[in-house]
Amino acid sequence: LILYLNFFCCRRVWGYHPTYWCLRCRIAGNGEEKEKLLALSKTLQIENKIHFLGAVDPDEMPALIAEHDLFVLCSVSEGRSNAVYEAMACGKSIIATDIPGTKEQISHGQTGFLFPLEDSPERFIELVKILEEQRGLAYQLGKNAHQWIIDNGFTWGATKENYLTQFRNVLGME
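Conventions adopted
- Residues numbered from 1 in each chain as written.
- Predicted model: local features only at pLDDT ≥ 70, side-chain atom pairs only at ≥ 80, totals over all residues.
- Heavy atoms only, no water.
- Axes fitted to C-alpha atoms, helices over the stretch in contact; angles between N-to-C directions.
- Helix = DSSP H or I, 4+ residues; strand = E, 2+ residues; numbered from the N terminus.
- Parallel < 35°, antiparallel > 145°, perpendicular 65-115°, else oblique.
- Contact = heavy atoms within 4.5 Å.
- Nonpolar A, V, L, I, M, F, W, Y, C, P; charged D, E, K, R; others polar.
- Pairing = 2+ DSSP bridges.
- Buried < 20%, exposed > 50% of the residue type's maximum accessible area, 1.4 Å probe, protein only.
- Right-handed = clockwise from strand over helix to strand, strands pointing away.

Draft legend 1. Structural detail: the packing of helix α4 (residues 82–89) against helix α7 (residues 135–151). Running from amino to carboxyl end, α4 crosses α7 at an angle of 110 degrees, the nearest separation of the two axes being 7 Å. Viewed along their axes, α4 and α7 adopt a mutual orientation that is roughly perpendicular. Listed contacts from α7 to Y85, M88 and A89 of α4 are G142, A145, H146, W148 and I149. Taken together, the residues of the contact of α4 with α7 sort by class into six nonpolar, two polar and no charged.

Next comes the structure, spelled out in structure tokens:
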């Protein structure tokens, strides 16, 4: 958990809008911001709504993602996020900040939702509410995201073959 992932953006939803206190958030990973986030969740009295899982084995991530209705990425800076690819491969609805990297991965309204980094919590809440109320749309976004992964060759099998081709080229084996 590092500052550029901007978990403070997500937590503002709980601190800002009481309607969404029923939401539960699970955060995988460790890092320099974890203690600040733990303290903040206690200050906001939402520590029972946010669960810090610590480091999660990569083999366990698909099952963890599958347990959830929604995947959220609130980074302020990101390349092409592996976490977004994982959520797309799992067929999850995604809400992410509209920044370079994520906007290359997510087509707003087709494979997920993007919201401006500068926006106040209202836009984020609006997108969560849309997905909560329109389960068919949430399902379709996840389905489209999964298909995008297949169509663009981001499956593990295709990735493995791409790496093998690259290694063979570098080694002069092709």
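So that's the structure; there's more coming.
Draft legend 2. Structural context of the sheet that holds strand β4 (residues 93–97). What the three strands build is an open sheet, ordered β3-β4-β5; its pairing is parallel. Edge positions in the open sheet fall to β3 (70–73) and β5 (113–115), since each of these has one partner strand only. Sheet twist, expressed as the average angle between the axes of neighbouring strands with direction ignored, equals 15 degrees. Here four bridges tie β3 to β4, and the two strands are oriented parallel to one another. In the strand pairing of β4, V72 is matched with I95.

Draft legend 3. Molecular detail of the pairing of strand β1 (residues 25–28). The two faces of β1 differ: C25 and I27 on one face are buried, but R26 and A28 on the other face are not. One ladder, built from four bridges, connects β1 with strand β2 (residues 50–54); its direction is parallel. The partner of I27 across the bridge, within β2, is F52. As for the winding sense of the linkage, the β-α-β connection from β1 through helix α2 (residues 34–43) to β2 is right-handed.

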